[in-house]
Amino acid sequence: MSHLLWSREHARTWTEALPLGNGSLGAMVFGRPGQELIQINHETAWSGSPASNTREPRVSAPAAAEALGDARRALRAGDFAEAEQRLKTVQHRFAQTYLPLADLRLDIQLPAIGAHIPAVEVRRELDLRSASHTLTYQLHEATVRIRTFVSRPDQVLAICVDCDPAQPLRVRAGLASQLRTVAAPAASGHAELCVAMPSDICRHPGTRESVIEYDERAGHSLRGAVVMRPLPPHADRAGQQPHVDADRSADSITVDGLGSIALILAASTTFAGIGVPPTGDEDDAAQQARATLAAVATTPFDELSRRHVADHRLIYDRTEIDLGGSLHHTEVGTPPHERLLDAGARPGGVLEHAPDLVSLLFHYGRYLLITSSHGARLPANLQGLWNAQLLPPWSSKYTTNINLEMNYWGAETANLAECSEPLFDLLEALSRTGSQVARDLYQARGWVAHHNTDAWAYAQPEGLGLHPPRWSFWPMAGPWLLRHMIERIEFGTDADAVARRAWPLVRSAAEFYLDWVEEVDGQIATLPSTSPENDFLAADGQYSAGISSTMDLSLIAELFRSLDLLARRLGECSDPVVETAREIADRIPGPSVGVGGMIKEWADDPPQASQGHRHLSHLYFAFPGRTPTDSELRSGVSASLDDRGDDSTGWSLMWKMALRARLGQPEKVEDLLELVFRPAGDTETGERGGLYPNFFAAHPPFQIDGNLGFVGALTEALLHSHGETIVLLPSLPLRLHTGSVRGLVARPGVEVDLDWAYGRLQRARLLARQDCDIVIEHDGDQVDCSLRAGTPWTWRPDGAVRSL
């Protein structure tokens, strides 16, 4: 049951529907008997174009230099108000918006039964292991089953409607879109929909409303197409052609069949690459979609399904966690969301009464990362791959001061390294667009990126001159994102190739920060500096721009250390940028403890403007960073977490859980897990995480970072490899006292399987990808271990035994 989401009712809202995807093509399936709704997304459906990055109004290089100089002088003089006003003048516009592509509606009829018979015994389910959705229901004496999946090998969404016993079926499939539709030639036997995407979506000055613009000029916006056609449902009917009626509209078809009808759908856009101008028009997009369908037009649905499942399980089956099942056998037939409600209302909550739901959420996070990133051209955005709104929350773009990074916390540790590839592609594009921003805005070498980006690698500070620097001015996205490339090397996956790929990006980023840092009172400092998205108190008010936030210094120091490590690996130690960065890194102040025993958020440790802020930016060095921490720093991190409090948004809960796990505080991990497993409704507001009926994580509203971050946070409770040892079960919650996990990955590239009972490790199995000497630790016991690539070792608390 820990691989299955299901319900006995159709979805009434988007946060009840169930997601499918193949990295590129996404679908939200509502499971409506007779009147199915499937909302279609495509990863490359975005407003704007590369022209968005330089659209007016823009600040000139001289004006930017003057504004930044004024801001620095004001900060040195303690005039925070003036500094913030000057920083607003360097704001550009806004990153672009991720868009819904189309809606597919299926009118499914059994003419012999009639439309007045209500459906009963409804069940819809998403099987995470097969990445497939199945809807079943009864109509009179007939059982209707509708299977849906999105194939990565064949790049199609496939649907099969079966009726048992076999009788006449009629399916009318219609396509519609919130985007502007453009004329498309009618194609016999196909349903086609062509759309134009907005050339710009920008928040209106002084309001939270957005202005949507369309531009017909080539290259200024994307075009897209969705095409659907029938398919042989089963191998024994491969030679049979279903009867297709020509509907009056080109965007719909009606298909008649006996017992089974199958359909396939493909989508394409004129997207040519991250930061690259669109190429072609809607006809080109439609031709590409038709070609995708033509390649499998005679392949039976069952064969497409077999290929799809085999491909998905190659990556999904690498890792599994088992935390036990429900203590009450009567709950086996209860849907997960109902079990969440029931267990949460009882003493002990989900962890005691339904621990398999913890397993389910872990597997769901892995599933969502696979289906939104594996084989993708763009990384998972704020909603992964799925979005139903033309103006979604926060534009469903990439927020780089925690959310995009959190999406990939579990990529290495949960054995999903391939899923990071689109993130690396975005980094390479940002290094190009960000070099112009570094030059024009900061008169600096290298490249820089700020708080938000999009499919066009937007790298400028947002805000139109109207918004506070607390979020708009943050030129620190590059070092945090580059951390993921360094982690790929540390975990030993394609380490040499990734090191060569990372080298120019890290070196160029280091150039920018060598130009960016200054000296204040004899110390390396950053100014202006913010700590996303927080404020501090000064004598005359509340501000966010100051001098040397702890996060700034932690990120820059880590970047310089990473550059040094890459240089040693690649034989570039005499590079002048490396030598200068090495010298500066030794002078950067590390994190320290201030008032109240908490980690200072800024160098001068001003009072906080608000207690309980959701961001934990000053604690980056502890997680996901790997700065060595002594007892004083660890105590400071813990005190800072206590001060922030537990409850917050979904992603903040995951960051707190990961930090508590890194500190070895299982009781606090357990407290946070209880907050994660709360029901959330569509009317939920404020900063209160939880789970919607489809187990999407609430910010609220929905953001996928809560789901994806859960994978990394729970893994951190089970396995540490950030120091000199591999620590097993360092922060295991008491109420998850018995279980097993297989397929986790530790540095420097060791797959780890664990079994435990009553809080004690029973067995650990390690399999190294390369020869390495390591120290294994559990509950204070240690053993030195020499691992040989491909040779498994088994370790128990009473000693180490080499497996034969």
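Refer to the structure presented above.
So, here's what we can say about the structure. Each chain has its residues counted from 1, running along the sequence as written. This being a predicted model, a pLDDT of at least 70 is required before a residue's local features are given, and a value of 80 or more before pairs of side-chain atoms are given or counted; all residues contribute to the totals for chains, interfaces and linings. The side-chain values count all of the structure's non-hydrogen atoms but skip hydrogen atoms and water molecules.

1. Thoughts on the pairing of strand E8 (residues 142-150)
As a reminder, the rule being used: Categorising residues by exposure relies on relative accessible area from a 1.4 Å probe, with only protein chains included: less than 20% of the type maximum marks a residue as buried, more than 50% marks it as exposed, and the intermediate range marks it as partly exposed. Working definition: helices are DSSP H or I runs of at least four residues, strands are E runs of at least two. Numbering for both runs from the N terminus. In short, DSSP must find at least two bridges between two strands for them to pair.
Across the nine residues that make up E8, a large majority, seven, are buried. The pairing of strand E7 (residues 132-139) with E8 spans eight bridges and is antiparallel. Directly across from Thr136, in E8, lies its bridge partner Arg145. Counting the residues that bridge the hairpin from E7 to E8 gives two residues, and of these His140 lies at a positive phi of roughly 60 degrees. With eight bridges joining them, E8 and strand E9 (residues 157-164) adopt antiparallel strand pairing. Along E9, the bridge assignment pairs Ile146 with Val161.

2. Quick notes on the pattern of salt bridges
Once their charged atoms are close, side chains differing in charge can pair, the charge on each being opposite to the other. Worth spelling out the cut-off: Definition used for salt bridges: Asp or Glu carboxyl oxygen within 4 Å of a side-chain nitrogen of Lys or Arg.
This structure, assessed with the given rule, holds 64 salt bridges. Across the salt bridge formed by Arg123 and Glu125, the nearest N and O atoms sit 2.9 Å from each other. Residue classification places Arg123 among the partly exposed positions, given a relative accessible area of 27%. Salt-bridge contacts for Arg769 lead to Glu751; the nearest nitrogen and oxygen are separated by 3.7 Å. Remark: Glu751 occurs in strand E29 (residues 750-757) and Arg769 occurs in the loop between strand E30 (760-768) and strand E31 (772-778); sequence separation between them is 18 residues. What makes Arg769 partly exposed here is its relative accessible area of 33%. A relative accessible area of 26% places Glu751 in the partly exposed class. Linked through salt bridges whose partners overlap, the residues forming this network are Glu412, Glu421, Asp425, Glu428, Arg488 and Arg501.

3. As for the packing of aromatic side chains
The line we're drawing: Aromatic pairing here means that ring centres of Phe, Tyr or Trp (its six-membered ring) are within 6.5 Å. Orientation follows from the plane angle: under 30 degrees is stacked, over 60 is edge-to-face, and everything else is tilted.
According to the stated counting rule, one finds 23 aromatic pairs in the structure shown. Between Trp14 and Phe702 the ring centres are 5.7 Å apart and the planes differ by 55 degrees, which places this aromatic pair in the tilted class. Of the two residues, Trp14 is situated in the loop between strand E1 (4-7) and strand E2 (18-21) and Phe702 in the loop between helix H18 (666-676) and helix H19 (705-718); the sequence distance between them amounts to 688 residues. Residues Trp14 and Phe702 agree in their burial class; the two are buried.

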